[in-house]
Amino acid sequence: MNELFGLLFLLGVGGWGMANSVRIVNQGNIALVERLGSYSRRLEPGLNFMLPILDRVVFEETIREKVLDVPPQQCITRDNVTITVDAVVYWRIMDMERAYYKVENLTMAMTNLVQTQIRAEIGKLELDETFTARTQINENLLRDLDIATDPWGVKVTRVELRDIAPSQAVKDSMELQMSAERKRRAAILTSEGEREAAINSARGKAEAQVLAAEAEQKAAILAAEAQQKVVVLRAQAERQDQILRAQGTAEAMKIIAAALREDPKTKEALQFLLAQGYLDMGRTIGHSDSSKVLFMDPSSIPATIEGVKSLIEQPSREV
């Protein structure tokens, strides 16, 4: 019985020793091993063997990038305004030995360090700058945190301010300020629009007056030119008419003279026609629209006819 108990004890101790001598590390993780209380080595991903009782895994952590969610905290800006800020930090362990042996609680240390750096950065800015300089704040935090965590074997890859929330009183005052600013801009835009409208209206009236004056000038020039052409054409027509009348009269005189030479009896008929034309002229003047008074001595008609006869007889005598 004792031998059986001893054999079972040895098998149990052997199984326990075998179980403690084998350690499987998952991909992406690294484990640290101490031997008799001192750092011995680190275990890479895969199957690893250790000495039972002597070796002990004291720390195992991933070397993949991790996310640290920094809880919201109150910060005071340079103009003494209290705001609530929270952030997200992306980081990874680069040196597992320093991450374990240089700091006692890496996550807590990282959280406190980020909160301290955020308060320091917010304290450098005024309230309005915190909303517009978020990218600059992220860059400054990334640079400072990367330097501060380097002794811990940590690499900070990215820092993002997730939310910046002022208090309700500050929000109310900001709303009033924004409303006043919008009203001021609206008033400025309205006045500028009215000024532009007045300028455009005055400019349009001036241009319209200039165009009207130019049109009147051109119309006057064209009317003067047209009137000048009418006068010229009328003068030319009158001159042509006079020439034609003179030519007709000359032709008629030649025909009459030729008729008188051929037939002396034509003289009496010509005298009759002249007298009748003289009387018709008086009748025409009397029937015209304008009121006229024609003084004619009946006794002077034969003398007039005799004068005309003498004018007719002169060419015949010369011939």
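One can find the structure itself at the top, above this paragraph.
All values derive from a computational prediction rather than experimental measurement. (Residues numbered from 1 in each chain as written. Predicted model: local features only at pLDDT ≥ 70, side-chain atom pairs only at ≥ 80, totals over all residues. Heavy atoms only, no water.)

A.B. asks: What is the right way to read the packing of aromatic side chains from this model?
C.D. replies: Each aromatic ring pair is described using two quantities: the centre-to-centre distance and the angle formed by the ring planes. All chains considered together, the criterion is met by 3 aromatic pairs. Aromatic pair Phe 59 and Tyr 100: ring centres 4.9 Å apart, planes at 25°, arrangement stacked. In this pair, Phe 59 sits in strand β5 (residues 55–62) while Tyr 100 sits in helix α2 (residues 96–101), placing the two residues 41 residues apart along the sequence. A relative accessible area of 29% places Tyr 100 in the partly exposed class. Ring plane angle 80° and centroid distance 4.8 Å describe the contact between Tyr 100 and Tyr 101, whose orientation is recorded as edge-to-face. A relative accessible area of 38% means that Tyr 101 is categorised as partly exposed. An aromatic cluster is present here, built from Tyr 39, Phe 59, Tyr 100 and Tyr 101 joined pairwise through their rings. (Phe/Tyr/Trp six-rings, centres within 6.5 Å; stacked < 30°, edge-to-face > 60°. Helix = DSSP H or I, 4+ residues; strand = E, 2+ residues; numbered from the N terminus. Buried < 20%, exposed > 50% of the residue type's maximum accessible area, 1.4 Å probe, protein only.)

A.B. asks: Even after reading the chapter, I still don't get the side chain of Gln 73, so can you show me in this structure?
C.D. replies: In this fold, Gln 73 is placed in strand β6 (residues 66–76). Of the polar contacts made by the side chain of Gln 73, one reaches the side chain of Arg 119; its length is 2.5 Å. (Polar contact = N/O pair within 3.5 Å; in protein donor to acceptor, adjacent residues only side chain to side chain.)

A.B. asks: Would you take a moment to explain the sheet that holds strand β2 (residues 29–35) for this structure?
C.D. replies: Within a sheet, adjacent strands bond to each other through the backbone by hydrogen bonds, running parallel or antiparallel. Pairing within the open sheet is antiparallel, and its 3 strands lie in the order β3-β2-β5. Each end of this open sheet is capped by a strand with a single partner; those strands are β3 (38–43) and β5. Here the average twist between neighbouring strands, direction ignored, is 25°. Looking at chain direction, β2 and β3 are connected through 5 bridges and run antiparallel. Pairing of Arg 35 across the sheet is with Ser 38, part of β3. (Pairing = 2+ DSSP bridges. Axes fitted to C-alpha atoms, helices over the stretch in contact; angles between N-to-C directions.)

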